[in-house]
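Okay, here's what each chain looks like letter by letter:
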Amino acid sequence: MTTPATDTTADRNPRPVGDNRQKILEATMKRFQYQGDALIEVLHKAQELYGFLSPELLSEVAHRLKLPPSRVYGVATFYHFFSLAPQGEHSCTVCLGTACYVRGAAILLRELEALSGVQAGRTSADGRFSLLTARCLGACGIAPAVVLDEEVVGHADRSDLKARIQALLKREE
């Protein structure tokens, strides 16, 4: 008698009954006919559904799109909008591109680290706030640019960002 194979992915990432995220992701890949050139769209949908791109999820996408895992991982790590770890309830992404850097983004980042107690690239221990950086947001005309909870803040200034972040973090206490 053989024993049924166990799904180790399910053991590590238990999905609640009625969780249809996998079906939605599968439908997305099917819509693009499992073509490798749809990788970015598929990764966007996967992150939208799961919140971040776990190693298991990246491997599954690679398998379903018949792509080498290294290519999928390379794309996921190249673009700043993909996350390989769970993010906080709120996020702040500071652009460190040339125009933003020249206009004080690095100083702004240091002040945000001090204010939030979170180092760039990390999430607070309570999971409420992530502080991130990007090579370029493509918003050079409004530098320094910051994305605060998916809202682009142009000509970002320290006092305005400080007030916004303090309001976000206090609102939920």
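Only a predicted model underlies this, so the values are computations on that prediction, with no experimental measurement involved.

Analysis parameters
- Residues numbered from 1 in each chain as written.
- Predicted model: local features only at pLDDT ≥ 70, side-chain atom pairs only at ≥ 80, totals over all residues.
- Heavy atoms only, no water.
- Helix = DSSP H or I, 4+ residues; strand = E, 2+ residues; numbered from the N terminus.
- Buried < 20%, exposed > 50% of the residue type's maximum accessible area, 1.4 Å probe, protein only.
- Contact = heavy atoms within 4.5 Å.
- Salt bridge = Lys/Arg side-chain N within 4 Å of Asp/Glu carboxyl O.
- Pairing = 2+ DSSP bridges.
- Axes fitted to C-alpha atoms, helices over the stretch in contact; angles between N-to-C directions.

*Asks:* Describe the side chain of Thr93, with residues and values.
*Replies:* Mapped onto the elements, Thr93 comes out in strand S1 (residues 90–95). Assessed through its relative accessible area of 9%, Thr93 is described here as buried. Setting aside residues up to four positions removed in sequence, Thr93 forms contacts with His80, Leu132, Thr133, Ala134, Leu137, Ala145, Val146 and Val147.

*Asks:* Before we move on, can you summarise the pattern of salt bridges with the specific residues and values?
*Replies:* Applying the stated criterion to the full structure yields six salt bridges. Between Arg64 and Glu26 there is a salt bridge, and its shortest N-O distance comes to 2.3 Å. With Arg64 in helix H4 (residues 55–64) and Glu26 in helix H2 (residues 21–31), this residue pair connects regions lying 38 residues apart in the sequence. The class for Glu26 is partly exposed, based on a relative accessible area of 21%. Each of Glu151, Asp160 and Arg164 takes part in one network of salt bridges that share partners.

*Asks:* So what's going on with the sheet that holds S1? Which residues, and what values?
*Replies:* What the five strands build is an open sheet, ordered S2-S3-S1-S4-S5; its pairing is mixed. Two strands lie at the open edges of the sheet, namely strand S2 (122–123) and strand S5 (151–153), each paired on one side alone. Pairing of S1 with strand S3 (residues 129–134) involves six bridges; the strand directions are parallel. By the bridge assignment, His90 is partnered in S3 with Phe129. Along the sheet face, helix H7 (residues 105–116) touches S1, S3 and strand S4 (146–148) and points at about 165° away from the line of S3.

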